[in-house]
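# Structural features, examined
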Amino acid sequence: MFKLLRRETRDHEQLSKDLRRAATNGELRLVYQAIVDARSEETVAVEALCRWRHPTRGDIGPNVFIPLAEETGTIAALGEFVLRQACLDARSWPNVILSVNVSPKQFESPHFADKIRRTLLETGLPPTRLELELTENLLIADFDHAAEKMRALQDVGVRLALDDFGAGYSSLNYLLSLPFDKLKIDRLFVSKIDTGAASAAIIHAIVSIGRALGMHVTAEGVETAEQQQFLKVAGVHSFQGFRFCVPVAAVEISERLAAEDQARADALRQRARA
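For the structure given in this document, a descriptive report is provided here.

What counts and what doesn't
- Residues numbered from 1 in each chain as written.
- Predicted model: local features only at pLDDT ≥ 70, side-chain atom pairs only at ≥ 80, totals over all residues.
- Heavy atoms only, no water.
- Helix = DSSP H or I, 4+ residues; strand = E, 2+ residues; numbered from the N terminus.
- Expected span 1.5 Å × (residues − 1).
- Buried < 20%, exposed > 50% of the residue type's maximum accessible area, 1.4 Å probe, protein only.
- Contact = heavy atoms within 4.5 Å.
- Core = buried A, V, L, I, M, F, W, Y, C linked by side-chain atoms within 4.5 Å.
- Phe/Tyr/Trp six-rings, centres within 6.5 Å; stacked < 30°, edge-to-face > 60°.
- Salt bridge = Lys/Arg side-chain N within 4 Å of Asp/Glu carboxyl O.

With 24 residues, helix α12 (residues 250–273) should reach 34 Å at 1.5 Å per residue; the first-to-last C-alpha distance of 35 Å fits that figure. Among the residues making up α12, those that are buried are Ala250, Ile253, Leu257 and Glu260. In this structure, the buried residues of α12 make contact with β1 (28–37), β2 (43–54) and α3 (75–90).

Here it is, written out as structure tokens:
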């Protein structure tokens, strides 16, 4: 048993070292999941997601390396890599919002808003096209401090989304007091639409609150036609999930957007001839 624990500890330490070098070794890459408009089903945003292909261990899931990065203190560097690369990729996707997750360590970093502003200037992405996804655990520890940082981000001009709404404490005080532009309904509620009246009622309540406060509402984890129809009727503005797009490379997002542009152009020509 002791030998097993020592082996696991050494393995953990080695993986931590490997993660520190992953970005410089070209092992990290970004994929993007499209977020589509509820009515037209056209792409209105993309969420950047990080993937790690280890040279000997193969693909290591974010459920493994993200907690590891948080534990070892490399999450800030990882977050900066994701933000910069995502901004560079998104420059060629006009009119599409880029959504990037923010970790607690990043958010707590001094001058976080200045780092965001500098990255936008260096990459050339307009601030209005960047959306930062924040989770409730960023807000619970020090509400006043979080509010101050969010106002600084708002001054930069970026959009702010409350991710996984409903999964944590979901205090309405967050929505009333903090400058969020978007709510993202947690996939747990979406997955239970077909089986639980409670989840359906909660979704209706979230949509009503979001709309009343002038926020955009996105549903995560949409996988079936039944879920899509329910959420559309409920008043959700946009959908994210495997029903519309699996996470893909940047080039595939470019191809997707080009195909949508072509489809719109064809539709206009058909209407003009009618």
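Core analysis: the largest hydrophobic core is formed by 74 residues, its most contacted members being Tyr32, Leu98, Ile116 and Leu130. The biggest single contributor to this core is α3, with 7 residues. Apart from residues lying up to four places away in sequence, Leu98 is in contact with Tyr32, Val46, Ala48, Ala86, Cys87, Ala90, Leu125, Arg129, Leu130 and Glu131.

With that settled, the discussion passes to the packing of aromatic side chains. Overall, the coordinates contain 4 aromatic pairs when judged by the stated rule. Summarising the aromatic geometry, the rings of Tyr32 and Trp93 are spaced 5.0 Å apart at their centres and angled 85° between planes, so their arrangement reads as edge-to-face. Of this pair, Tyr32 sits in strand β1 while Trp93 sits in the loop between α3 and β4 (97–101), placing them 61 residues apart in sequence. Taken individually, Tyr32 and Trp93 each receive the classification buried, so the pair is uniform in this respect.

As a further point, take the pattern of salt bridges. Tallied over the full model, the rule gives 13 salt bridges. When the shortest N-O distance is used, the salt bridge between Arg21 and Asp18 registers 3.0 Å. Residue Arg21 and its partner Asp18 are both found in helix α1 (residues 2–22); the two are separated by 3 residues, about one turn of the helix. We classify Arg21 as partly exposed; its relative accessible area is 42%. Here Glu133 makes a salt bridge to Lys184, at a shortest N to O gap of 2.7 Å. One end of the pair, Glu133, is in strand β5 (residues 130–134); the other, Lys184, is in strand β7 (residues 182–185), and 51 residues separate them in sequence. With respect to class, Glu133 is no different from Lys184; both count as buried.

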